[in-house]
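# Report on the structure
Next come the chains, spelled out residue by residue.
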Amino acid sequence: MSKKRWQVFPGKNRFFCGGRILMAKQINVFFVTLVLLLGVCTLFFIFDSQYLCAQVHWTVPVIAGVLLAFTLLFLFRTSFSDPGILPRASGDEALFNDRGADNNVDIHENSTQTRNPPRTKDVLVRGETVKLKYCFTCKIFRPPRASHCSMCDNCIERFDHHCPWVGNCVGKRNYKYFYLMIFTITLLCIYILTFSIAHIVMLSQEKEESTLITAMSETPASVIEALIAFFAVWSVLGLAGFHSYLAGTNQTTNEEIKGSWAQRHGEVVRNPYTTKNCCTNFSKILCGPAYNSLLRLREDKNQEKRDMDEVRKKIEKLLLDREHNLSQTLKNPEIWNCCYDGMLILCGQWLYSSRA
């Protein structure tokens, strides 16, 4: 039985549910995120919600539940999806790139003439020169803004960073879900912090002899929630602000850290991807299209080869049919349909493997 692509995938990733879920190899911190999130919210719903529902409004736990649902939705969407992994070169393409072949270099296996491929290529993006770097692991020239993640051992399109808290890389296909997760988890932390403190304060004011200390001893769960939410809110709030700045200027964390668009040697390097309009940049990132994965993980590894063999056999059968001469064979629409199918498969292979 032929193996699926996810079963022979060369990167350092984990796969679940027959290749439908993709994560990084190290996912321990992801479970820490999940336990903290669900633990604090469970304490809130058990020990605070009933009191706040009676004393404040019934919508208090409902809003908390909605925020939690959206946070988990965006978290799972970020963690379980392909972040934009670029397929590695295979076969003749890898051989060609490795040997830096040109018209005067033999790319066949028996060739002894080899040289290292050039490390960069210069391309123009909206009038700005951008370097395409060659990846010696994936055997491809990475597209603009792509980078190789050492943790996952994959080249990622529009690579932002590797986030252990979500157990995955953040890239072209899951960045908007990552940003929305940060935004909703910030709101959730502020919400739980506010109402857990409100619960303690309201308990301290119910009786004249009650104090803040006695109220805290009556509801220790609220104290735990408030402490965790207090320390968490500063980190996620700062992260939300930082990524809001990145989204507004259409940059990635990787580009910001490396200073890709910073001033160099007195020259101003313009970011060719920004529109110089914060709202337009936000809409491009958060409201942009859902990009398809380039991996096709659930297909058979040799499916394309079998499709091409089937088309070749059909063409050979039609051409070798002695009952038809050449002119009659060429008039047969079936042979043109076979040729068309073969061209589609070849185009699919080229789009799948050629990323330069």
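Computed from a predicted structure; not experimentally measured.

This paragraph deals with the environment of Ala232. Of note, Ala232 is situated in helix H6 (residues 220-249). Residue Ala232 is classed as partly exposed on the basis of its relative accessible area, which comes to 23%. For the pair formed by Ala232 and Ile185, sequence separation is 47 residues and the distance between their alpha carbons is 9.5 Å.

Here Arg298 is to be found in the loop between helix H8 (278-286) and helix H9 (303-319). Owing to a relative accessible area of 44%, Arg298 belongs among the partly exposed residues under this scheme. Spatially, the C-alpha atoms of Arg298 and Gln7 are 9.0 Å apart, while their sequence positions differ by 291 residues. Every residue in contact with Arg298, bar those within four places of it in the chain, is listed here: Lys4, Trp6, Gly18, Gly19 and Arg20. One polar contact links the side chain of Arg298 to the main-chain carbonyl oxygen of Gly18, over a distance of 3.3 Å.

Evaluated as defined, the whole model comprises five salt bridges. Its salt-bridge partner being Lys131, residue Asp122 comes within 3.1 Å of it at the nearest N-O pair. When the shortest N-O distance is used, the salt bridge between Arg145 and Glu255 registers 2.8 Å. In this pair, Arg145 is assigned in the loop between strand S5 (140-141) and strand S6 (147-149) and Glu255 in helix H7 (residues 253-258), connecting sequence segments 110 residues apart.

Looking now at the side chain of Thr219. Inspection of the secondary structure puts Thr219 in the loop between helix H5 (212-218) and H6. Of the residues examined, Thr219 reaches a relative accessible area of 6% and is grouped as buried. One polar contact links Thr219 to Ser222, side chain to side chain, over a distance of 2.7 Å.

Now for the packing of aromatic side chains. Geometrically, a pair of aromatic rings is defined through the distance of the ring centres and the angle of the planes. This structure, assessed with the given rule, holds 14 aromatic pairs. Look at Phe76 and Phe80: their rings are 5.3 Å apart centre to centre, the planes differ by 5°, and that puts the pair in the stacked class. Assessed through its relative accessible area of 31%, Phe76 is described here as partly exposed. Measuring from ring centre to ring centre gives 6.4 Å for Tyr175 and Phe178, while their planes differ by 40°; the resulting arrangement is tilted. Here the residue Tyr175 and the residue Phe178 both occupy positions in helix H4 (residues 175-204), the gap between them amounting to three residues, near one helical turn. Taken individually, Tyr175 and Phe178 each receive the classification buried, so the pair is uniform in this respect. Feature note: the residues Phe30, Phe31, Phe76 and Phe80 constitute an aromatic cluster, connected by ring pairs. Its guanidinium or amino end placed over the ring of Tyr273, Arg145 lies 4.2 Å from that ring's centre, counting from NZ or CZ.

Attention now goes to the pairing of strand S2 (residues 21-24). With four bridges connecting them, strand S1 (residues 13-16) and S2 associate as antiparallel partners. Bridging from a neighbouring strand, Asn13 pairs with Ala24 of S2. Two successive antiparallel strands, S1 and S2, enclose a turn made up of four residues, where Cys17 displays a positive phi of approximately 55°.

Within an α-helix, residues lying three or four positions from one another point in the same direction, as the helix has 3.6 residues per turn. The end-to-end C-alpha distance of H4 is 44 Å, a good match for the 44 Å that 30 residues give at a rise of 1.5 Å each. Burial analysis of H4 places 21 of its 30 residues in the buried class, which makes it a mostly covered element.

So, on to the packing of helix H2 (residues 59-79) against H4. The geometry of H2 relative to H4 is characterised by a closest axis approach of 8 Å and an angle of 150° between their N-to-C directions. Here H2 lies roughly antiparallel to H4, going by the angle between them. Both H2 and H4 take part in a crossing whose hand is left-handed. Along its contact with H2, which presents Thr59, Val60, Ile63, Ala64, Leu67, Leu68, Phe70, Thr71, Phe74, Leu75, Arg77 and Thr78, the element H4 presents Tyr177, Phe178, Leu180, Met181, Thr184, Ile185, Leu187, Leu188, Tyr191 and Phe195.

Mapped onto the elements, Asn281 comes out in helix H8. Within the local environment of Asn281, its side chain forms a polar contact with the side chain of Thr275, the two groups lying 3.0 Å apart. With residues up to four places along the chain from it excluded, the contact list for Asn281 reads Ala247, Gly248, Thr249, Asn250, Tyr273, Thr274, Thr275 and Lys276.

The subject of this paragraph is the sheet that holds strand S3 (residues 120-125). Strand order across the open sheet formed by three strands is S3-S4-S5, with antiparallel pairing between neighbours. Only two strands of the sheet have a single neighbouring strand rather than two, namely S3 and S5. Bridge analysis of strand S4 (residues 128-135) against S5 gives two bridges, and the strand direction is antiparallel. Its bridge partner lying in S5, Tyr134 is registered against Phe141.

For the rest of this paragraph, the subject is helix H1 (residues 28-55). For H1, built from 28 residues, the straight-helix expectation of 40 Å at 1.5 Å per residue is met to within 8% by its first-to-last C-alpha distance of 40 Å. A bend of about 55° at Asp48 is the largest found in H1. When we look at burial in H1, the residues that qualify are Phe30, Thr33, Leu34, Leu37, Val40, Cys41, Phe44, Asp48, Ser49, Tyr51 and Leu52. Summarising the contacts, the buried residues of H1 are in contact with S2, H2, H4 and H6.

The next subject is the packing of H6 against H8. Across the interface, H6 lies against H8 with an axial gap of 6 Å and an inter-helix angle of 100°. By the angle class used here, H6 and H8 are roughly perpendicular. Note on element contacts: H8 touches H6 through Cys278, Asn281, Phe282 and Ile285, opposite Ser244, Ala247, Gly248 and Thr249. Each residue belonging to the contact of H6 with H8 can be placed in one class, and the counts come to four nonpolar, four polar and no charged.

Each value, and the rule that gives it
Residues numbered from 1 in each chain as written. Predicted model: local features only at pLDDT ≥ 70, side-chain atom pairs only at ≥ 80, totals over all residues. Heavy atoms only, no water. Helix = DSSP H or I, 4+ residues; strand = E, 2+ residues; numbered from the N terminus. Buried < 20%, exposed > 50% of the residue type's maximum accessible area, 1.4 Å probe, protein only. Contact = heavy atoms within 4.5 Å. Polar contact = N/O pair within 3.5 Å; in protein donor to acceptor, adjacent residues only side chain to side chain. Salt bridge = Lys/Arg side-chain N within 4 Å of Asp/Glu carboxyl O. Phe/Tyr/Trp six-rings, centres within 6.5 Å; stacked < 30°, edge-to-face > 60°. Lys NZ or Arg CZ within 6 Å of the ring centre and 35° of its normal. Pairing = 2+ DSSP bridges. Expected span 1.5 Å × (residues − 1). Axes fitted to C-alpha atoms, helices over the stretch in contact; angles between N-to-C directions. Parallel < 35°, antiparallel > 145°, perpendicular 65-115°, else oblique. Left-handed = near helix turned anticlockwise from the far one by under 90°. Bend = angle between axes of the 7 residues up to and from the residue. Nonpolar A, V, L, I, M, F, W, Y, C, P; charged D, E, K, R; others polar.

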